[in-house]
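Understanding the architecture of this molecule
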Amino acid sequence: MVKLTMVARVTDGLPLAEGLDDGRDVPDADFYKQQAKSLFKNLSMGQIDASRMSVETGPYIFHYIIEGRVCYLTMCDRSYPKKLAFQYLEDLKNEFERVNGSQIETAARPYAFIKFDTFIQRTKKLYQDTRTQRNITKLNDELYEVHQIMTRNVQDVLGVGEKLDQVSQMSSRLTSESRIYADKARDLNRQALIRKWAPVAIVIGVVFLLFWAKNKIW
């Protein structure tokens, strides 16, 4: 069965729409939604270049397609036919482009097209039961094949982004520590100079003071 559905802009990962009642029958639904958002983030950073992919995660599998700089993603049971999942996404894509295509690039806030949920819910109901004549016909339709679509594990896909984030964080930390070290080094050099020349300065000051006092007296 279809469990989650989300739509996001690829250029920046901005969520545009999702199924509002999705996840009610999914334990840890928030966890999987966060994984989906991480996928969008990796796509926006160019860390995933496949325009169609299936990504295994626990007992479920994400399927997504990218068209017109928009990613259409759904999460289904592993047993749900891959062909129907991608047909479902194609239906969403066609309607989303028809209704909102001209506004996608200018959307500035998350879930700007939340009203698209109505179409998501209506379409999802058509795809829920794989035994209906309609869906059996789609499964037998040879015009749309998905054999070449890659399937990967979510840890492999998200791990790339996580490693890059860790490298970035490490680099930032090293830069910050280098600055702190440089500041401490300057302070130590300053203190060393003070310790070295302070006695000389004191002696010169005392001599100058005695010389001044002697001239005053005389």
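Nothing here was measured: the structure is a model prediction, and the numbers come from that model. (Residues numbered from 1 in each chain as written. Predicted model: local features only at pLDDT ≥ 70, side-chain atom pairs only at ≥ 80, totals over all residues. Heavy atoms only, no water.)

1. Focus: the nonpolar core
Formed by 26 residues in total, the largest nonpolar core has its most connected members in Leu16, Tyr72, Leu92 and Phe96. Breaking this core down by element, the ones donating at least two residues are strand E1 (2–9), strand E2 (15–18), strand E5 (70–77), helix H2 (82–100) and helix H3 (117–128). Top contributing element to this core by residue count: H2, with seven residues. Leaving out residues up to four positions away in the same chain, Tyr72 has contacts with Met6, Val7, His63, Tyr64, Ile65, Glu67, Leu89, Leu92, Lys93, Phe96 and Glu97. Among the nonpolar cores identified, the runner-up in size contains 25 residues, and Val10, Val26, Tyr60 and Tyr64 belong to it. (Core = buried A, V, L, I, M, F, W, Y, C linked by side-chain atoms within 4.5 Å. Buried < 20%, exposed > 50% of the residue type's maximum accessible area, 1.4 Å probe, protein only. Helix = DSSP H or I, 4+ residues; strand = E, 2+ residues; numbered from the N terminus. Contact = heavy atoms within 4.5 Å.)

2. Let's talk about a nonpolar patch on the surface
A surface patch of nonpolar side chains, about 410 Å² in accessible area, is lined by Leu193, Trp197, Val200 and Ile204. Mapped onto the elements of the fold, Val200 is located in helix H5 (residues 154–217). (Patch = residues over 30% accessible without salt bridge, like charges linked within 9 Å, V, L, I, M, F, W, Y side chains within 5 Å. Areas by Shrake-Rupley, 256 points an atom, 1.4 Å probe, with all protein chains shown as cover. Salt bridge = Lys/Arg side-chain N within 4 Å of Asp/Glu carboxyl O.)

3. Comments concerning unusual backbone geometry
At Arg69, a residue that is not glycine, the phi angle is positive and equals roughly 65 degrees. Tracing the backbone shows Arg69 in the loop between strand E4 (60–67) and E5. Even without glycine at this site, Tyr111 takes up a positive phi of about 55 degrees. Relative to the elements of secondary structure, Tyr111 occurs in the loop between H2 and H3.

4. Quick notes on the pairing of strand E3 (residues 52–57)
Sheet topology places E3 next to E4; six bridges connect them, and they run antiparallel. Bridge pairing in E4 places Met53 opposite Tyr64. In textbook terms, the turn of a hairpin is the stretch between consecutive antiparallel strands, and for E3 and E4 this stretch comprises two residues, one of which, Gly58, has a positive phi near 55 degrees. In the sheet, E3 pairs with strand E6 (residues 150–153) via four bridges, with the strands oriented parallel. What sits directly across from Glu56, in E6, is Asn153. (Pairing = 2+ DSSP bridges.)

5. Overview of the sheet that holds E5
What the six strands build is an open sheet, ordered E2-E1-E5-E4-E3-E6; its pairing is mixed. Each of the sheet's edge strands pairs with one partner strand only, and the pair in question is E2 and E6. Neighbouring strand axes in the sheet, compared pairwise and without regard to direction, differ in orientation by 20 degrees on average. The strands touched by H2 within the sheet are E1, E2, E3, E4, E5 and E6, with E4 carrying the most contacts at an inclination of about 40 degrees. (Axes fitted to C-alpha atoms, helices over the stretch in contact; angles between N-to-C directions.)

6. So, the packing of aromatic side chains
Each aromatic ring pair is specified by the distance between its two centres and by the angle formed by the two planes. The final tally for this structure, using the stated rule, is seven aromatic pairs. Taking the centre distance of 5.9 Å and the plane angle of 80 degrees together, the rings of Tyr72 and Phe96 count as edge-to-face. Of the two residues, Tyr72 is situated in strand E5 and Phe96 in helix H2; the sequence distance between them amounts to 24 residues. The two residues Tyr72 and Phe96 agree in class, both being buried. (Phe/Tyr/Trp six-rings, centres within 6.5 Å; stacked < 30°, edge-to-face > 60°.)

7. Side note on the environment of Val10
Looking at the secondary structure, you find Val10 in the loop between E1 and E2. In this structure Val10 comes out as buried when scored by relative accessible area, which is 16%. Taking the C-alpha atoms as reference points, Val10 and Met45, 35 residues apart in sequence, are found 8.8 Å from one another. For Val10, the contacting residues outside a window of four places in its chain are Leu43, Ser44, Ile66, Arg69, Val70 and Cys71.

8. A look at the confidence of the model for the chain
Per-residue confidence for the chain gives a mean pLDDT of 82, with 83% of residues at or over 70. For the chain, the element scoring lowest by mean pLDDT is H5, at 64; E5 scores highest, at 95. In this model, residues 161–172 is a region of pLDDT below 50 whose contacts with residues beyond four sequence positions or in other chains number five contacts. (pLDDT = per-residue confidence, 0-100.)

9. A look at H3
For H3, built from 12 residues, the straight-helix expectation of 16 Å at 1.5 Å per residue is met to within 8% by its first-to-last C-alpha distance of 16 Å. Listed in full, the buried residues belonging to H3 are Asp117, Phe119, Ile120, Gln121, Thr123, Lys124 and Tyr127. Among the structural elements, E1, E2, H2 and helix H4 (133–140) are those in contact with the buried residues of H3. (Expected span 1.5 Å × (residues − 1).)

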